[in-house]
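The primary structure of each chain is shown beneath.
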Amino acid sequence: MTTQAGFVFSKPGFLSLLQDGGRRGVMHMGLAGGGAMDRHAWAWANRLLGNPYGSPSLEITFGSIEFTSELDTWIALTGASAPCAINGEPQPLWSTLHVKTGDTVSIGAPKTGIRSYLAVLGGFQIKAGLGGSSANFVREGIGGVTGDGRPLKERDRLPCMTGQRAIPSRKVPEHWQPDYKRELTLSVIPCAQIERFPAPALHTFFTDDYTLSPQTDRMGARLKGPALEIHGSSLISEGTSLGAIQVPADGQPIILLNDRQTIGGYPKLGAVTPRSLDALAQRPPGTRLRFKATTLHEAQLEERRFLCFFSG
């Protein structure tokens, strides 16, 4: 059987995962949606190349990858401020880049941000699986290059389409490129079991600083800060949503992320909006952050603008 040409990786990086728009209709099987942690950077990488919304790209955490191209094509690299070079020549981020057969592309450790998104013309040619997605889900052992959920390894090949058509030179306008050094305030929709939190606890949550813990991963963002008082420490387990802020008995909030558990029994103060989660995905442990309340209507309008721009 003929092997499809693509990118062959000599350095796979610390944690490089194939990610797309995530799975749909799988929570009843105990699976979360997964998908790109920073949809803003991921969606821009695909848009630069004219790829449909949802196309698979490579989510690279903390950089340090290198690959050789077996074909002529175009790529785009967005997200973290990581140095990119083709055959040793520095290349711009948030732009279309032409890659030729035999070219070596390297991406270094980021200066700001933690996740880079590498998209290729037509998207990486990995067959979609459960839930119509090829996204890596390491804990559950599904998706990715080999379908078993494992991260990218040395000598892996990501198959691509040959670039049969020319791509115009494109660059994301600077005002659309986030500053990952800015102070971070996350928008929260108060909901769920908010009645379990007395007024002083809510005042603390929305006025004091919290710090992103080193225990943060794709499953959840653990925070350190003032402990929140809770009326009753547990509930009957129920379904969880992306961005839900659950507060266990120690009073330290946890923001549930893409690869979260699908049910939980801790009280939930509310939910961080999807657009705020994009910004959170680029912050390293130790980042100080705050919260502000928003309404469901405002969050829906923001999400609608995002989806209309990138997939409308």
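Just so we're clear, the structure is a prediction, and the values are computed from it rather than from any experiment.

Once that is clear, we can look at the packing of helix H1 (residues 39–49) against helix H4 (residues 296–311). Relative orientation of the contacting elements H1 and H4 amounts to 20°, with a least axis distance of 11 Å. As summarised for this structure, H1 and H4 are arranged roughly parallel, according to the angle between their axes. When you trace H1 past H4, the crossing you get is left-handed. Taking contact as the criterion, the partners of Arg39, His40, Ala43, Trp44 and Arg47 in H1 are, on H4, Glu303, Phe306, Leu307, Phe309 and Phe310. Here the contact of H1 with H4 is built from residues that sort into six nonpolar, one polar and three charged.

The subject of this paragraph is the sheet that holds strand E12 (residues 184–190). Judged by pairing direction, the barrel is mixed, and its seven strands sit side by side in the order E12-E19-E16-E17-E14-E13-E20 before closing back on the first. For this sheet the average axis-to-axis angle between neighbouring strands, irrespective of direction, equals 40°. Pairing between strand E14 (residues 220–224) and strand E17 (residues 254–256): three bridges, direction antiparallel. Among the inter-strand pairings, alanine 221 is bridged to a residue of E17, identified as isoleucine 255. Strand contacts of helix H2 (residues 199–207): E12, strand E13 (210–212), strand E16 (244–246), strand E19 (268–272) and strand E20 (288–293), with the helix running at about 125° to E20, the strand carrying the most contacts.

It is worth spelling out the pattern of salt bridges at this point. In total, this model carries twelve salt bridges according to the counting rule given. Of the charged contacts, one joins glutamate 154 and arginine 155 as a salt bridge, the two residues approaching to 3.9 Å between their closest N and O atoms. Classification of glutamate 154 as partly exposed rests on a relative accessible area of 46%. On the basis of relative accessibility, which here comes to 66%, the residue arginine 155 falls in the exposed class.

A separate point is the side chain of aspartate 20. Inspection of the secondary structure puts aspartate 20 in the loop between strand E2 (15–19) and H1. Buried and unpaired, aspartate 20 has no salt bridge, with arginine 23 as the nearest side chain of opposite charge at 6.2 Å. A distance of 2.9 Å separates a polar side-chain atom of aspartate 20 from the backbone nitrogen of glycine 22. For aspartate 20, the contacting residues outside a window of four places in its chain are Gly35, Ala36, Trp42, Gly54, Ser55, Pro56, Ser133, Ser134 and Ala135.

Most peptide bonds are trans, and most residues other than glycine sit at a negative phi. Residue asparagine 87 is not a glycine yet carries a positive backbone phi of 55°. Residue placement: asparagine 87 occurs in the loop between strand E6 (84–86) and strand E7 (89–91).

This brings us to the sheet that holds E7. Across a sheet, strands are paired by hydrogen bonds formed along the backbone, either parallel or antiparallel in direction. One open sheet accounts for six strands, arranged E7-E6-E9-E4-E1-E11; its pairing is antiparallel. Of all the strands in the sheet, just E7 and strand E11 (157–159) have a single pairing partner and so form its edges. The average undirected angle you get between the axes of adjacent strands in this sheet is 25°. In this structure, strand E4 (residues 65–69) lies alongside strand E9 (residues 104–107), joined through four bridges in antiparallel fashion. Looking across to E9, one finds that isoleucine 65 is bridged to isoleucine 107.

Glancing now at H4. Compared with an ideal rise of 1.5 Å per residue, which puts 16 residues at 22 Å, H4 spans 22 Å between its outermost C-alpha atoms and is within 8% of the ideal. Every buried residue of H4 is listed here: Ala299, Glu303, Phe306 and Phe310. Along the axis of H4, the buried residues cluster in a sector spanning 60°; they form a single face. Residues His297, Arg304 and Arg305 are exposed on H4 and point more than 90 degrees away from its buried face.

Turning to the packing of aromatic side chains, a few remarks are in order. Overall, the coordinates contain 15 aromatic pairs when judged by the stated rule. Aromatic side chains phenylalanine 7 and phenylalanine 124 sit 6.0 Å apart centroid to centroid with 80° between the ring planes, which places their arrangement in the edge-to-face category. Taken together, the positions of phenylalanine 7 in strand E1 (residues 6–11) and phenylalanine 124 in the loop between strand E10 (115–120) and E11 put the pair 117 residues apart, joining distant regions of the chain. Summarising the burial analysis for this pair, phenylalanine 7 and phenylalanine 124 share the class buried.

Conventions and cut-offs
- Residues numbered from 1 in each chain as written.
- Predicted model: local features only at pLDDT ≥ 70, side-chain atom pairs only at ≥ 80, totals over all residues.
- Heavy atoms only, no water.
- Axes fitted to C-alpha atoms, helices over the stretch in contact; angles between N-to-C directions.
- Helix = DSSP H or I, 4+ residues; strand = E, 2+ residues; numbered from the N terminus.
- Parallel < 35°, antiparallel > 145°, perpendicular 65-115°, else oblique.
- Left-handed = near helix turned anticlockwise from the far one by under 90°.
- Contact = heavy atoms within 4.5 Å.
- Nonpolar A, V, L, I, M, F, W, Y, C, P; charged D, E, K, R; others polar.
- Pairing = 2+ DSSP bridges.
- Salt bridge = Lys/Arg side-chain N within 4 Å of Asp/Glu carboxyl O.
- Buried < 20%, exposed > 50% of the residue type's maximum accessible area, 1.4 Å probe, protein only.
- Lys, Arg positive; Asp, Glu negative; His and termini not counted.
- Polar contact = N/O pair within 3.5 Å; in protein donor to acceptor, adjacent residues only side chain to side chain.
- Expected span 1.5 Å × (residues − 1).
- Arc of directions from axis to C-beta.
- Phe/Tyr/Trp six-rings, centres within 6.5 Å; stacked < 30°, edge-to-face > 60°.

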